Amino acid sequence: MARRRRRARLPMAVVAAVAVMSTLAAGGTAAGGTGTAPGPDEPTIRWTEYGIPHIIASDWEGLGTGYGYAAAKDNICTLADTYLMVDARRSRYLGPDGRASPGQTQNSTSNLNSDLYFQRIKDDRVVERLLDQPAPDGPEPEVEEAIRGYVRGYNRYLAETGAENISDPACRGAAWVRPITELDVYRHAHAEIIMGSADPLLDGQVNAAPAVGADAAQPRSTPGRTAAKVREAMASSRQDSMGSNALAVGSQGVSGGTGMLLGAAPSPRSPGPCGPPATARSPRRCRASRCPGWSARTRCAT
């Protein structure tokens, strides 16, 4: 039982990583399994107050399917924009001079630099080589099942809705809104993991060039000087990056006579303790719930 609990943590983290960056729309409509494709499991999705979807499934793939469908329904434009970024094709559709946000800071670099950065990751097969490793260095079977389902759910919502009928004008009818693959999702997860270093180092990596003229005559940098420059760049980036914040209201400002505390995460893509976790029942039933600006909380029981 201890081994099962340890292995379950990784699917939770990956499902959180791949279905985030979406703030849920308030007042969602109920959907009981209608937003999923035929397969080994038909999850049930029930939207409650404030547009929070509750997903019940009998296995990890079904849980991923429901999660992918709900995430696409809530914020497909943000997700599609991210898949465009990790596919290194922002310049093609949005122009090389547009702005991209590969890290924690918004609009921190150009689309061209972003594409060069992620194209190098693609050319070097960074994500593919990670996926080729056996677990636990590579993904556990539960992770693969959840990702497979997530792709199925996302694509099902897009097929049912059609890009031209998306409610958000930010990507309605856009040519870059397309069905995704499992590799797209793993690339997204990888980008989330390295986002802390992407901001301060990305432009320096893609714009690096041999010194010429008077610069070439300067002494070569030592490891110590290089490390100092990296530290300075990262420290400068942190000054403009995200931070935590909270708002407290006393009993006099809340109807009912009780106080209220609203807290925000350092990043809107971080998993957080919002809403009660649901415990699934045998046989290996899984449930996930999300909250505005937060990721999934899931628990499986055998």
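Scroll up to find the structure this text is about.
Residues numbered from 1 in each chain as written. Predicted model: local features only at pLDDT ≥ 70, side-chain atom pairs only at ≥ 80, totals over all residues. Heavy atoms only, no water.

1. What to know about the pattern of salt bridges
Spelled out, the test is: Whenever Lys or Arg places a side-chain nitrogen within 4 Å of a carboxyl oxygen from Asp or Glu, that contact is recorded as a salt bridge. Relative accessible area decides the class of each residue, using a 1.4 Å probe on protein chains only: under 20% of the type maximum gives buried, over 50% gives exposed, and in between gives partly exposed. For the purposes of this entry, the term helix denotes a DSSP run of H or I that reaches at least four residues, the term strand denotes a run of E that reaches at least two, and both are numbered from the N terminus.
Enumeration over the complete set of coordinates arrives at 11 salt bridges. Two residues, aspartate 87 and arginine 89, come together in a salt bridge whose shortest N-O distance is 2.8 Å. Here arginine 89 falls in the partly exposed class, since its relative accessible area comes to 24%. When the shortest N-O distance is used, the salt bridge between glutamate 128 and arginine 187 registers 3.1 Å. Of this pair, glutamate 128 sits in helix α5 (residues 126-131) while arginine 187 is found in helix α7 (residues 182-193), placing the two residues 59 residues apart along the sequence. Across the pair, arginine 187 and glutamate 128 agree in class, each one buried. Within this structure, Asp87, Arg89, Lys122, Glu128, Arg178, Asp184 and Arg187 form a network of salt bridges that share partners.

2. Topic: the packing of aromatic side chains
Under the convention used in this document: The aromatic pairing rule takes the rings of Phe, Tyr and Trp, using the six-membered ring of Trp, and pairs them if the centres are within 6.5 Å, calling planes under 30 degrees apart stacked, those over 60 edge-to-face and the rest tilted. As a reminder, the over-ring test applies to NZ of lysine and CZ of arginine, requiring each to be within 6 Å of the ring centre and within 35 degrees of the ring normal.
Under the criterion given, the structure shown has four aromatic pairs. The interplanar angle of 35° and the centroid separation of 6.4 Å between the aromatic rings of tyrosine 150 and tyrosine 154 together place this pair among those described as tilted. Pair noted here: tyrosine 150 and tyrosine 154 are both in helix α6 (residues 141-161), with a separation of four residues, about one helical turn. The same class applies to tyrosine 150 as to tyrosine 154, namely buried. Counting every residue linked through ring pairs, the aromatic cluster contains Tyr83, Tyr150 and Tyr154. Lying over the aromatic face of tryptophan 47, lysine 73 brings its terminal NZ or CZ to 4.8 Å of the ring centre. For arginine 120, the ring lying beneath its charged end belongs to tyrosine 117, and the centroid distance is 5.8 Å.

3. A closer look at the state of the cysteines
Simply put, the disulfide is a covalent bond whose two ends are the sulfur atoms of two cysteines. Going by this rule: Sulfur atoms of two cysteines make up a disulfide when they are within 2.5 Å.
One pass over the structure, following the stated rule, counts one disulfide. Put simply, cysteine 77 and cysteine 171 are joined by a disulfide, and their sulfur atoms are 2.0 Å apart. Every disulfide takes its handedness from the sign of the S-S torsion; for cysteine 77 and cysteine 171 that torsion is -75°, giving left-handed. Separated by 94 residues along the polypeptide, cysteine 77 in helix α2 (residues 60-86) and cysteine 171 in the loop between α6 and α7 bring together distant segments of the chain. By the burial criterion, cysteine 77 is buried, and cysteine 171 matches it.

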